[in-house]
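Structural characterization, general
Here are the chains, one letter per residue:
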Amino acid sequence: MKRYDEIDILKGVAVILMIIFHFYYFPNQYGFTEIKYDTTLLKFIAKIAQIIFITCVGINLVFAKNKNSDPQVHLQRVMKIAFYALLMSLFTYHVFKEKYVKFGILHFVAFTSLILFTFVDNVESMRIITAIFLILYVLNHFKPELFRIIPQPFAFIGGFYNDRYSAIDHFPIMPWILLICVGTFIGNHLVNQNIDTPNYITNNAVSKTLKNIGKRSLEIYAVHWAVLYIVYCIIYEKIRVN
């Protein structure tokens, strides 16, 4: 199948936007409260990054299934993401203690990639799955008491009530899985289309840079946490004290 460079470019944009947000968010969480992150612009940047990245996950799931439907190959991809998610939890536990990442974006991507892979190339199945989660999301919004029977850890992961846990990064299954579903519809549409973006858009220096970032988005996303920790908790802390 044709590889769509535009998807990698979008992922590259999402990663850069998220790093910009984290450049302000993390130091505030580290205790440098003079650095503000809760501005309208930064919140907007973070939300756009999240929407782009998670939608692209759904698109790439379809591409991956179309390219190689072997469950073992997919399981290897999921295990790689899960490994980075585990590292994220361990790192943030060391830094943030009880606010560590329990079910962040990498945990979410690994989990949803695992449970949806069987269905992503079947549009009818994805419509049913989307409808189920949409109904659950609406019910949870208007009748949250219906879901109080769910044990707290599963409610935290699922996106229902949360009375116990806090985390610096939390991506529950709802509502974010709905964006994955939207991505699978886009992916299935693209698989059956022959859409050509003009060369001057995808083959310029900026696009190539974004494309390379997008292809390595997992590694860059994981590593930038540690980089920002070094920048602020080691370098900035010394400058601040002096």
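1. Some details on the nonpolar core
The biggest cluster of nonpolar side chains holds 66 residues, and the ones touching the most others in it are Ile-54, Ile-105, Leu-106 and Phe-108. Broken down by secondary-structure element, the contributors of at least two residues to this core are α1 (5–30), α2 (40–67), α3 (71–96), α4 (105–116), α5 (123–142), α6 (152–158), α7 (173–191) and α10 (217–241). Beyond its immediate stretch of four places on either side in the chain, Ile-54 contacts Ile-105, Phe-108, Phe-171, Trp-176, Leu-179 and Ile-180.

2. Here's the deal with the pattern of salt bridges
This structure, assessed with the given rule, holds four salt bridges. Salt-bridge contacts for Asp-121 lead to Lys-65; the nearest nitrogen and oxygen are separated by 3.1 Å. You can see Asp-121 sitting in the loop between α4 and α5 and its partner Lys-65 sitting in helix α2, a full 56 residues away along the chain. The class of Asp-121 is partly exposed, set by a relative accessible area of 42%. A relative accessible area of 12% means that Lys-65 is categorised as buried. Ionic pairing is found between Arg-127 and Glu-124, a salt bridge with its closest N-O pair at 2.6 Å. Of the two residues, Arg-127 and Glu-124 are both situated in helix α5; the distance of three residues between them amounts to about one turn of the helix. Exposure remark for Arg-127: the relative accessible area of 48% places this residue in the partly exposed category. Take Glu-124: its relative accessible area is 48%, and that puts it in the partly exposed class.

3. Digging into the environment of Cys-56
Its place among the elements puts Cys-56 in helix α2. Cys-56 sits in the buried class, given a relative accessible area of 2%. When sequence neighbours within four positions are dropped, the list of residues in contact with Cys-56 reads Ile-7, Leu-10 and Lys-11.

4. Details of α4
Between its first and last C-alpha atoms α4 spans 16 Å; for 12 residues at 1.5 Å apiece the expected length is 16 Å, and the two agree. A large share of α4 lies buried, amounting to nine of its 12 residues. Residues of α4 that are buried: Ile-105, Leu-106, His-107, Phe-108, Val-109, Ala-110, Thr-112, Ser-113 and Leu-116.

5. Details of the confidence of the model for the protein
Taken residue by residue, the protein gives an average pLDDT of 88. The fraction at 70 or more is 93%. When mean pLDDT is taken per element in the protein, α5 scores highest with 95 and helix α8 (residues 199–202) scores lowest with 68.

6. A look at the packing of α2 against α7
It is the contact of α2 with α7, at a shortest axis distance of 7 Å, that shows an interaxial angle of 50°. On the basis of the axis angle, α2 is oblique to α7. Once α2 is placed against α7, the crossing between them reads as right-handed. Contact residues: Lys-47, Gln-50, Ile-51, Ile-54, Thr-55, Val-57, Gly-58, Ile-59, Leu-61, Val-62, Phe-63 and Asn-66 in α2; Trp-176, Leu-179, Ile-180, Gly-183, Thr-184, Ile-186, Gly-187, Asn-188, Leu-190 and Val-191 in α7. Tallied by class, the residues present in the contact of α2 with α7 amount to 13 nonpolar, eight polar and one charged.

7. Brief notes about a nonpolar patch on the surface
Nonpolar side chains collect at one region of the surface, where Val-223, Val-227, Ile-230, Val-231, Ile-234 and Ile-235 lie side by side and expose about 460 Å² of accessible area between them. With respect to the helices, strands and loops of the structure, Ile-235 is situated in helix α10.

8. Focus: the side chain of Lys-11
Relative to the assigned elements, Lys-11 resides in helix α1. Asp-8 provides the closest opposite charge to the buried, salt-bridge-free Lys-11, at an N-O distance of 4.1 Å. What Lys-11 contacts, discounting residues up to four positions off in sequence, is Cys-56, Asn-60, Gly-214 and Ser-217.

9. So, α3
Taking 1.5 Å of rise per residue, the 26 residues of α3 would be expected to cover 38 Å, and the 36 Å separating its terminal C-alpha atoms lies within 8% of that figure. Taken together, the buried positions of α3 are His-74, Val-78, Ile-81, Tyr-84, Ala-85, Met-88, Ser-89, Thr-92 and Phe-96. If you check the start of α3, you find a side-chain oxygen 3.0 Å away from the backbone N of Gln-72, and it comes from Asp-70.

Rules used in this analysis
- Residues numbered from 1 in each chain as written.
- Predicted model: local features only at pLDDT ≥ 70, side-chain atom pairs only at ≥ 80, totals over all residues.
- Heavy atoms only, no water.
- Core = buried A, V, L, I, M, F, W, Y, C linked by side-chain atoms within 4.5 Å.
- Buried < 20%, exposed > 50% of the residue type's maximum accessible area, 1.4 Å probe, protein only.
- Helix = DSSP H or I, 4+ residues; strand = E, 2+ residues; numbered from the N terminus.
- Contact = heavy atoms within 4.5 Å.
- Salt bridge = Lys/Arg side-chain N within 4 Å of Asp/Glu carboxyl O.
- Expected span 1.5 Å × (residues − 1).
- pLDDT = per-residue confidence, 0-100.
- Axes fitted to C-alpha atoms, helices over the stretch in contact; angles between N-to-C directions.
- Parallel < 35°, antiparallel > 145°, perpendicular 65-115°, else oblique.
- Left-handed = near helix turned anticlockwise from the far one by under 90°.
- Nonpolar A, V, L, I, M, F, W, Y, C, P; charged D, E, K, R; others polar.
- Patch = residues over 30% accessible without salt bridge, like charges linked within 9 Å, V, L, I, M, F, W, Y side chains within 5 Å.
- Areas by Shrake-Rupley, 256 points an atom, 1.4 Å probe, with all protein chains shown as cover.
- Lys, Arg positive; Asp, Glu negative; His and termini not counted.
- Polar contact = N/O pair within 3.5 Å; in protein donor to acceptor, adjacent residues only side chain to side chain.

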